[in-house]
Structures are given as C-alpha cells and as structure tokens.
Number of protein chains: 2
Amino acid sequence: MDIITGGVNAPTGFEAAGIEAGIKYENRKDMAVIFSQKPCVAAAVFTSNVVKAAPVKWDRKMIDESPFVQAVIINTGIANAGTGEEGMRACRETAEAASECLGIPANAVLVGSTGVIGPQLPMDRIKEGIKKLAAAKSHDSSNGTDASKAIMTTDTVNKEIAVNVSIGGRTVTIGAMSKGSGMIHPNMCTMLSYVCTDAVIGKDTLEKLVRETVTDTYNMISVDGDTSTNDTFIALANGMAGNSEIVEGTADYEAFKEAFRYVNETQAKRLAGDGEGAQALIECRVVGADTKENARILAKSVICSSLTKAAVFGHDANWGRILCALGYSGASFDPEHMELYYEGDMNKLLIYRDGSGTDYSEEEATKILSEKEVRIIADMKMGTEEATAWGCDLTFDYVKINADYRS
Amino acid sequence: MDIITGGVNAPTGFEAAGIEAGIKYENRKDMAVIFSQKPCVAAAVFTSNVVKAAPVKWDRKMIDESPFVQAVIINTGIANAGTGEEGMRACRETAEAASECLGIPANAVLVGSTGVIGPQLPMDRIKEGIKKLAAAKSHDSSNGTDASKAIMTTDTVNKEIAVNVSIGGRTVTIGAMSKGSGMIHPNMCTMLSYVCTDAVIGKDTLEKLVRETVTDTYNMISVDGDTSTNDTFIALANGMAGNSEIVEGTADYEAFKEAFRYVNETQAKRLAGDGEGAQALIECRVVGADTKENARILAKSVICSSLTKAAVFGHDANWGRILCALGYSGASFDPEHMELYYEGDMNKLLIYRDGSGTDYSEEEATKILSEKEVRIIADMKMGTEEATAWGCDLTFDYVKINADYRS
C-alpha cells in the first residue's frame, strides 16, 4: 500500500469540486460535489440518532433502492435537520437539479448537509451552486482539495487522503475526504466522510467491509458524546481500475481491506484530533480484554470522560479518572488485577497495578501528557481482545465555540 | 410537611460535628461525624462503578451484616479509592477508633471519603480527628451546619435541609446533608448524601423507600457524566420520634414518603445547580412518554448533553441540540409528532412542534435561557409517563477547575 497525493477524486473516473454558494456566509466555500464518470455501487452507515436529518433519510433510500449512484452534492451552513416535509422536498429538488446539470438519473444523486439544525435550505442558492459545481468538477487533485475544504465547518484543517493498493496486479486507488467535529454555528459534532475507489467490488462485499471498518474507526471516536442527526459515511466504487472483482476470503480482499481501513482510521483520528477546541489527540488502547465488545466499551468510556479530557488539557497524570471511567463503562473487570500505562513517543510508564498507584515519576508523566498525542493503555488481564478509541482534550475553546450564540 | 431550621442532626437523638483534621489542607473543616444516641436501621445506595472506593465496600458490608448502625465518620481531601488492601484497613481502623471514642460497636460505624483517588489516608490525623469529633458532637443546629461544611469539596455552598412531618399524631423529623460535584483536587463528581430521621420504620421499608426515592432524585442528576467511585447515599432511622411504625400501604407511609422525597429532591437539585463551575440549573421534564423508564432516559440525555449545557451557558435557545440529545438517548419516539418548550418563571414558549421549529420569539427565549433555573419540557405525545432530570450548564470554570493540576 502506498500513500499518494490527492483525496476523494484520486481514483480513476472520479471528479470533484468545491465552490462558494453563499448559503450562509460570503467568501467561503460551502458546496461540494463528488461525481463518477461511471455508475458506482454504494454502501453507507448513517447516524443512529432517532432524529435523522432529511439528507440521511434521502441517502438511505437511494442506496437501498437505486440501481446505482453516481454523484454526491454536499452543503455546509445548514443541516437540513428538524425541517419536516419541506426538508425532504429540498433533497429531492437538489437531486433533480443535479440530475439535469450532470446528465445522470435523479435517483443516482446522494445529498449531504451539515450546519445549524432548524432552518430550511435556500433552494435558489443551492440550485445556482449545483450549476457552478457541474461546470467546475474535474479529476485534478486541486479540485479534490477544494471539495474537502468546502465541507469544513469549525474544522481547523481540511482532511483528505489517498492510497494505492495492488489488487490482482492492477493498481486500485482509494481516496477520501471527511469533516468533523464542530460547526461555524455549532449544533452538534457532525461527521461526514466520503470514500471513493475505482476498485471492482460487489455491493454486498462493499457493505460488509464498510460495516466492519466503521465499527473500529469512526465508531471509536468521540469529541463530546453528542451523536449528530447528520452523521454520514458513504463509500462509492466505480470499478474503473479494471481489477478482477474483490471477493471475500481472498488475499486481494485482505489487501483492499487493510488499505480501506488505513484510510478510514487515519481520517477518524484526524476528526478526533481536530475536535472543537482540541489541543491534543487522546488515544486509549485496551488490551487483555475478555471480549472485543468489552474492549471497545472500555476504550470509549475513557476517551469520552469529561474529567479525563480536562486532565489531559491540564497535562495532569490523574490516573484515578481513567480508572473511574473504566469502572462506570458498563464492562466488568477486576480493578485489583489490572494495569494502566501512559505511553509517550520515547517511553511507557506503568502508573497503576493491582489495586493501587505505582511510584511513577510525576515529571515523566507530565511530559507524556504534554505531547500532541497522549496514549493511554489499559491492560485488563482477562483475555486477548483489544480495541482502540480516539478522542481529544476538553478545553476552554470547546466551551467558547459552543456557548457562542448562533448569529 | 413543614420545612424547619437545621440539617442532618435535626431529628431527635442525632448529633453531629465538623472539625479541622488537617488531612490535606490547613484551616479547613475536613472531617464530620453523624452520631445517633440510639441504634439505627440503615439503608443505602452506592455507586454503580465497578471500581468502588474502600468506604463504599465497608459501608455495604456493615449495612448488610451489622445488627444496627450508630455513627458515620466522613473525611474530605482523599477519596480512599484505588488504595487496595491498605485502604480497607484504613476503614477498619477508622471504625475501631470511632468505636472507642463513641462507646459503640465498631461494626455500627460507617465511613465516607471524598477527594483525590490514589493516596492513602493519613491514619494518625484521622484518629486525632475522631477524638475531636467525639468531643465536639452535639444536637445543636450549628453543629449540623459545621458537619455539612466539613464534607464540602469544590461545592460553593453547604447543603442541608430539615423537615417535620406528622405521622400518626407524632412529629417526625427528617434532616439531611449532602455534598456534590467537584473536589479541591478534582477527580470525579462525588456525591455524598446522608439523611437522618427519628421515625420508627423497619429496615425493609426504609430500604424500599430509599431505592424508590434515589431513582427519581439523585439518579436523575448529572454534572459531567462521570460516575464516581465513592457515590454514597445513606439513610439512618433511630425511632426516637415514638410514632407507630411506618408501614407500606398506609397514609402515614405516603406522608413520610412525600417528605422524604422532598428532602432528597431538594438536595439533588442543589447538587446539580452547584455543579463544578455552574451558573445555572437545567431542568428537563419529559411528559407524555410511553414508559417511565423511557421518560427518565430522555430527560437524562438532555441534561447530560455537553452541547445543550454549553448552549445554556451561552443563553442560546438552540433547540436543535435538545432534539438531537433526545434522539440519541436510546429511547425511541417520533420526532415528527412531539413538542419542545422552554419554560421561564413568567411564561412557557413552544419552540418545536411536529417536525420543525415554531416562529417563537428569540428574544423571549434568550430571556428564559438567562434565568438561574432553565426549564426544558419535552412532550413526547406517546403516553402519560413523566420524569424530570437536573443538570447544570457547561462553563469555562468547569474546564478550569478540572484542568488544574492536583498539587
């Protein structure tokens, strides 16, 4: 697997663009398109929130019922959530406008939105934006970068990645763009992530791969515990790499899966590390767990703990908070028979063992806690299962960003 | 029911004291005693955290196995959690020292600790403190107040209450002291709450009452979602009011239950409103739910949402965050058929109905959001069940308090 330059439109036959549509602000890219020259199989995972934004409902239906997908139109500024019937009509009109401009069926168009909950989309600007996107879209990597910038909200950096992987002698490319954890008018921690590939892969196989990968990547991050109404992960495969079809149980499948996972784990970590106000990425690796599910529960509990997050912001090696968060996770274990470590770039510090703290050096611990990536390891001593979760520290800026009035 | 002056030692036969033992700081009350002249039946609820502090384990065992309880010794500064065997020994030695000074069996002594996780208790100072407590304890209300101050950590006010209720012609008194949400060296949101009564009531009846009351009071508050290793609620009844025994299914039971619930709901709301850094109490009342359990889940999800809490801090009527928090609570409902309100002291504002926002006045909403108590009402339109949960806003000070280094 090779990491290459480029992003979501790096795979053969994919085009992208990001433009200014003036949805809420002047002088800011706020609409993006992903377009494939050939029809794609698609697989997706959406928010588990009972309150689902209109684009989530539209995309779910299209991916389940349409014979193929060929484009995604995304806007920022307004989430199109809590918008009732009018919100669903906005999705349909967006798809119809894109259908006309791109020359593809309306049911091959997916839509995505992120922004404030409540207001309706300004459909005149959306339609003008689609015309601009159709004119601007191309395979150039600068266009992919524009698209990744156009989906940003309070993200401080755009997030794109592309890799090549050899499948049966052919080079297959996977490209992605994602946005995270915050909004200009903050409402939630919306995650949007789009992964395109030119691989030949069946819809069922892609779906299985998506489910497995999301469980260990995007579902293992948290910025503030608030599951948005709009969370969206979509994978598109247009088959233009011409490889022999990727089938489960083969070496090709494993190679593709590894590359696919790498792309998504990288994007997930970037989302966590660029959480609202974040100054550090927190990684919690749970090893020696009795079941995979418990390993996940324990690791997530640590990175979701407000007190642990605040302690990392304060560079405070306050291991009691980690132990406490493991304890209320819902997974059972024996606190008298386990170990906690802080791991830095240079060293690994045992801080708790078998019921009480060790006499570790607070100075060394503070040094580790001051790094840009703070790694916590919990060895449950119960079995061989592992899981890793990623979050960020809780800072003054998180409160500032989210207490600011919407206007 | 009458609210009277006084606190935990207001019921007949109860004595209290709060003194300086120098456990971690100079010039600060940090040890308290509750003592009953006669043996008490006791009922308790402790933290659900798998990691339980030594005092929690000690108290659980004494309440389950001892014939009666007659005193509680409480310290702040050190939580006696994550302290292994030595921590359990500290509980036993504390009980033995209290037994000697108070002239009661060691297995009639409960212990409570709140503070930093990890360090061992300084047993020499604890033992000196017990001597001082035994000398100082009395039925005076000023002594009850001292005790309520001695259990404070980052609480900004002490929290005590007492009520009289007439049971079969006799006046029964219930008194309580509680501490909340933060620590001098913060580690967790430890809740300690002690309720004493002179009522004649059987242990089984008291236990049932405690379980029912805690479910709707202390279990419906949250400051930061971190369930401490030390959370403790203990009720003691010494029978000195001489009423005929309170038995379930009678008018006396209902009268006592109402007073008991009032005392605990008041203390729980005070804990939430005095959460670390809090500037406002947030109350979320869910009505029209299909089941009581779902009403609780929905109400708690709203008051736990970091984004909702930050919006209240910013006086921002950002109802999308409330809808979002209801949506990810785990309870199912139809967002297209429900209503959300903000309720102020003077008015009630419908802000969301049947799938979209109403054209409410932002100005009026901001006014409600600026009060010291912010009330949110969600009408699920599914049934007749209700529940109320209490939390606080998320402020810069919460981050400041919890990012500060332990030293």
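What you are looking at is a predicted structure, and each value in this text was computed from that prediction instead of being measured.

Reading the values: the criteria
- Residues numbered from 1 in each chain as written.
- Chains lettered and ligands numbered in written order.
- Predicted model: local features only at pLDDT ≥ 70, side-chain atom pairs only at ≥ 80, totals over all residues.
- Helix = DSSP H or I, 4+ residues; strand = E, 2+ residues; numbered from the N terminus.
- Rg over C-alpha atoms; globule rule 2.2 N^0.38 Å.
- Buried ≥ 20, exposed ≤ 12 C-beta atoms within 10 Å, placed from the backbone.
- Contact = placed C-beta atoms within 7 Å.
- Domains from an automatic or database assignment.
- Nonpolar A, V, L, I, M, F, W, Y, C, P; charged D, E, K, R; others polar.
- Core = buried A, V, L, I, M, F, W, Y, C linked by C-beta atoms within 7 Å.
- Pairing = 2+ DSSP bridges.
- Axes fitted to C-alpha atoms, helices over the stretch in contact; angles between N-to-C directions.
- Least-squares fit on C-alpha atoms with pLDDT ≥ 70 in both.
- Parallel < 35°, antiparallel > 145°, perpendicular 65-115°, else oblique.
- Left-handed = near helix turned anticlockwise from the far one by under 90°.
- Expected span 1.5 Å × (residues − 1).
- Arc of directions from axis to C-beta.

**A few points about the overall build of chain A**
For chain A, the count of helices and strands is 11 helices and 15 strands. Taken over the C-alpha trace, chain A has a radius of gyration of 22 Å; the compact-globule value for 407 residues is 22 Å, and the two agree within 12%. C-alpha extents for chain A along the principal axes are approximately 70 × 55 × 35 Å. Expressed as a percentage of its 407 residues, the buried residues of chain A come to 62%. Long-range pairs, those at least 24 residues apart, make up 80% of the contacts in chain A with a sequence separation of at least 6.

**A look at the domain arrangement of chain A**
Residue and element names in this part refer to chain A. Partitioning chain A into domains gives domain 1 (2-273) and domain 2 (281-403). A C-alpha centroid distance of 32 Å is found between domain 1 and domain 2. With 12 residues of domain 1 at the interface, the matching set in domain 2 holds 14 residues. Looking at the side of domain 1 that touches domain 2 residue by residue, the classes come out as 6 nonpolar, 5 polar and 1 charged.

**Here's the deal with the nonpolar core**
Residues Val33 and Ile34 of chain A together with Val33 and Ile34 of chain B are the most contacted members of the largest nonpolar core, which totals 282 residues. Residue contributions to this core peak at 11 residues, all from strand β3 (residues 31-46) of chain B. Every residue in contact with isoleucine 34 of chain B, bar those within four places of it in the chain, is listed here: Val8, Asn9, Phe14, Ala16, Ala71, Val72, Ala147, Tyr194 and Cys196 of chain B.

**Considering the interface of chain A and chain B**
Taken together, the contact pairs 53 residues of chain A with 53 residues of chain B. Counting only elements with at least two residues in the side of chain A that touches chain B, the list comes to α8 (306-313), α9 (319-327), β13 (356-357) and α11 (396-403) of chain A. Among the elements that line the side of chain A that touches chain B, the one with the most residues is α9 of chain A, at 7 residues.

**Some words on the sheet that holds strand β13 (residues 356-357) of chain B**
Residue and element names in this part refer to chain B. The strand order β13-β12-β11-β14-β10-β15 describes an open sheet built from 6 strands, whose pairing is mixed. With one partner strand each, in any of the chains shown, β13 and β15 (385-392) form the two edges of the open sheet. In terms of strand pairing, strand β12 (residues 348-353) meets β13 through 2 bridges, oriented antiparallel. From the neighbouring strand, tyrosine 352 faces β13, where its bridge partner is glycine 357. Contacts between helix α6 (residues 251-273) and the sheet are confined to β10 (281-289) and β15, with β15 contributing the most and set at about 40 degrees to the helix.

**Notes on the relation of the copies chain A and chain B**
What connects the two chain copies is a rotation about an axis and a shift along it. Superposing chain A onto chain B takes a rotation of 180 degrees plus a shift of 0.0 Å along the axis, which leaves an RMSD of 0.0 Å. A rotation of that kind, with that shift, is consistent with a two-fold axis. Measuring from the rotation axis to each C-alpha of chain A, the shortest distance belongs to phenylalanine 396 of chain A, at 2.8 Å. Take the interface residues of chain A: 100% of them recur as interface residues in chain B, which is what a same-surface contact looks like.

**What to know about the sheet that holds β13 of chain A**
Residues and elements named next belong to chain A. The mixed open sheet is built from 6 strands, whose spatial order is β13-β12-β11-β14-β10-β15. Only two strands of the sheet have a single neighbouring strand rather than two, namely β13 and β15 (385-392). Two strands pair when backbone bridges link them, and strand β10 (residues 281-289) and strand β14 (residues 373-379) are joined in this way by 7 bridges, in the parallel orientation. Paired with leucine 281 across the two strands is glutamate 373, which belongs to β14. Strands β10, β14 and β15 of the sheet are contacted by helix α7 (residues 292-304), whose axis makes an angle of about 20 degrees with β15.

**Things to note about the packing of helix α2 (residues 84-102) of chain A against helix α3 (residues 123-136) of chain A**
All names here are of chain A. Between α2 and α3, the shortest axis-to-axis distance is 9 Å and the interhelical angle comes to 30 degrees. Overall, the two elements α2 and α3 adopt an arrangement that is roughly parallel. The two elements α2 and α3 cross, and the hand of that crossing is right-handed. Residues Ala90, Glu93, Thr94, Ala97, Ala98, Cys101 and Leu102 of α2 form the contact with α3, whose own contacting residues are Met123, Ile126, Lys127, Ile130, Lys131 and Ala134. Each residue belonging to the contact of α2 with α3 can be placed in one class, and the counts come to 9 nonpolar, 1 polar and 3 charged.

**Section: helix α1 (residues 54-65) of chain A**
Compared with the 16 Å implied by 1.5 Å per residue over 12 residues, the 17 Å span of α1 of chain A between its first and last C-alpha is a close match. Listing the buried residues of α1 of chain A in full gives Ala54, Pro55, Val56, Trp58, Asp59 and Met62 of chain A.

**Remarks on the environment of methionine 152 of chain B**
Residues and elements named next belong to chain B. By the secondary structure assignment, methionine 152 is in the loop between α4 (141-150) and β6 (159-167). Among the residues examined, methionine 152 registers 27 C-beta atoms within 10 Å and is labelled buried. For the pair formed by methionine 152 and alanine 389, sequence separation is 237 residues and the distance between their alpha carbons is 23 Å.

**Brief notes about the environment of arginine 89 of chain B**
Mapped onto the elements, arginine 89 of chain B comes out in helix α2 (residues 84-102). Counting along the chain gives 161 residues from arginine 89 of chain B to threonine 250 of chain B, while the straight-line C-alpha distance between them is 44 Å.

**A short note on α3 of chain A**
Residues and elements named next belong to chain A. Look at α3: 20 Å from first C-alpha to last across 14 residues, which is about the 20 Å you get at 1.5 Å a residue. Listing the buried residues of α3 in full gives Ile126, Gly129, Ile130, Leu133 and Ala134. The buried residues of α3 occupy one face: seen down the axis, they fall within an arc of 135 degrees. Exposed side of α3, more than 90 degrees from the buried face: Asp124 and Ala135 are the residues found there.

**Quick word on unusual backbone geometry**
Residues and elements named next belong to chain B. One non-glycine residue, histidine 315, adopts positive backbone phi at about 55 degrees. Among the structural elements, histidine 315 can be located in the loop between α8 (306-313) and α9 (319-327). The backbone phi angle of aspartate 354 is positive, close to 50 degrees, even though this residue is not glycine. Assignment of secondary structure puts aspartate 354 in the loop between β12 and β13. Aspartate 354 sits in the partly exposed class, given 14 other C-beta atoms within 10 Å.

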